[in-house]
Amino acid sequence: MSSTPEKFDAWDIKESGPADADSRVLLLPGAMCGTAFYDDLMAAQPLAAAPVRLVAATLPGHAGTTPPRDLSMENYAALAGALAAERGCGVVVGHSFGANVALEMAAGGHFTGPLVLLSPTFSASDEDKALTIANGLGRVPGIGALTWIGMVRATPRVVGQMLPPDRREALGADLAKNDPEFCRHVIRHYFDYLDRYGNLVPRLRDAGVPAWVVRGDRDEVGLTDEERAGLEAAPDVTMVAVRDAGHVVMVDQPEAVAALVTRVALG
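All values derive from a computational prediction rather than experimental measurement.

**Q** Before we move on, can you summarise the nonpolar core with the specific residues and values?
**A** Within the largest apolar cluster, 87 residues are counted, with the highest numbers of intra-cluster contacts made by Leu-115 and Leu-204. Residue contributions to this core peak at eight residues, all from helix 7 (residues 180-197). Leu-204 has contacts with Leu-103, Leu-115, Leu-117, Phe-122, Ala-211, Val-213, Leu-231 and Val-237, leaving out every residue within four places of it along the chain.

Here it is as C-alpha cells:
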C-alpha cells in the first residue's frame, strides 16, 4: 500500500444531468466493469429527471482503462475520494467491488457523505465461488496467468447470464476489454483486503456515515446471518431489498435503484 496518496488523472468518466446541479453523485462500477454498467441507472426515472449531476467513473485499470501504480483497495479509496472532492460529489454509489471501494472511502476517512452500496461483499467467504477459485489459482506459479486468460474470456458469457437479454451484448463487450494480468493482480489485492479485515460490517458501522446496503433477492454474493444482524443493528445503516434482481441490481431494476439514489441525493 502507498504511504502517500497516488496522483492519478487518467479517469474514464461519463456524466449526465444538469451541469449546474447542486447535488452530485459519484458512481463506481464493479470489478472488470466500466461506466456502461450504469447506463440504465443514469437513464432511469426519476433520477434522469432530478436536479442531480451523475458522474460515473470506471475504477482505474478495469475494463481496459489505465491502472494506478498501487492496486490496493486502500489506494483505490484514496483515489476515488480525491475524485469525489474534485467533482463536488456529496454522495457515492458503488456496485460490488466499487461498493467496497466506497465503503473504504468512508472507513479510511476519504469521504464523509452518504453511501449507496449495491451488493457489497463483507467477507471473503461471501464472494462468488468462481472468483474465489480464480484468485487461488491465480497465485500459483505457471498456471496463474493462464487461469486469468481463461477467466477474462469466459466472463462476458458467464456474467451475461445474470443480465437482461437486451443488455448482454453491450455489457459483455465492456467486460471483454479487460487485461487478464491486471485482473489477476487487482483481485489478489482485493482478497488480501478482505482477509486483512475479516468482516467489514464493523468497518462500515464505525465509519459513522449514512449508508444504504442494497441487495437483490437473488444476489449471487452471500451475506451471513451474523453480517445481516450486524448491519441491521448499525444505527447509520439501512438495508434495502430489491425484488426480482440479482447481483447486478442496477441493471436488473434500474428504476428501483434510481428512486433510492434520488432520495439520498436530494436529502
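Now, onward.
**Q** Report on the sheet that holds strand 5 (residues 115-118), specifying residues and quantitative values.
**A** Spatially, 1-3-2-4-5-6-7 is the arrangement adopted by the seven strands of the open sheet, whose pairing is mixed. On the outer flanks of this sheet lie strand 1 (12-16) and strand 7 (237-242), each paired with one strand and no other. Each strand of the sheet is rotated relative to its neighbour by a mean of 20 degrees, with strand direction disregarded. When strand 1 meets strand 3 (residues 52-58), the two strands line up antiparallel, connected through five bridges. Each bridged residue has a counterpart across the sheet, and for Glu-15 the counterpart in strand 3 is Val-55. In the packing of helix 2 (residues 73-87) onto the sheet, the strands contacted are strand 1, strand 2 (23-28) and strand 3, and the crossing angle to strand 2 comes to about 155 degrees.

**Q** Before we move on, could you go through the environment of Val-52 and cite the residues and values that matter?
**A** With respect to the helices, strands and loops of the structure, Val-52 is situated in strand 3. Each C-alpha atom, one on Val-52 and one on Leu-163, is 27 Å from the other, the two residues being 111 residues apart in sequence. Not counting the four nearest positions on each side in its chain, Val-52 is found in contact with Ser-16, Gly-17, Pro-18, Ala-21, Ser-23, Val-25, Leu-47, Ala-265 and Leu-266.

**Q** I'd like a description of the environment of Arg-243, backed by residues and values.
**A** Its location among the elements puts Arg-243 in the loop between strand 7 and helix 10 (249-252). Residues Arg-243 and Arg-263 lie 20 residues apart in sequence; the distance between their C-alpha atoms is 19 Å. Not counting chain neighbours up to four residues away, the residues in contact with Arg-243 comprise Asp-217 and Gln-253.

About the thresholds
- Residues numbered from 1 in each chain as written.
- Predicted model: local features only at pLDDT ≥ 70, side-chain atom pairs only at ≥ 80, totals over all residues.
- Heavy atoms only, no water.
- Core = buried A, V, L, I, M, F, W, Y, C linked by side-chain atoms within 4.5 Å.
- Buried < 20%, exposed > 50% of the residue type's maximum accessible area, 1.4 Å probe, protein only.
- Helix = DSSP H or I, 4+ residues; strand = E, 2+ residues; numbered from the N terminus.
- Contact = heavy atoms within 4.5 Å.
- Pairing = 2+ DSSP bridges.
- Axes fitted to C-alpha atoms, helices over the stretch in contact; angles between N-to-C directions.

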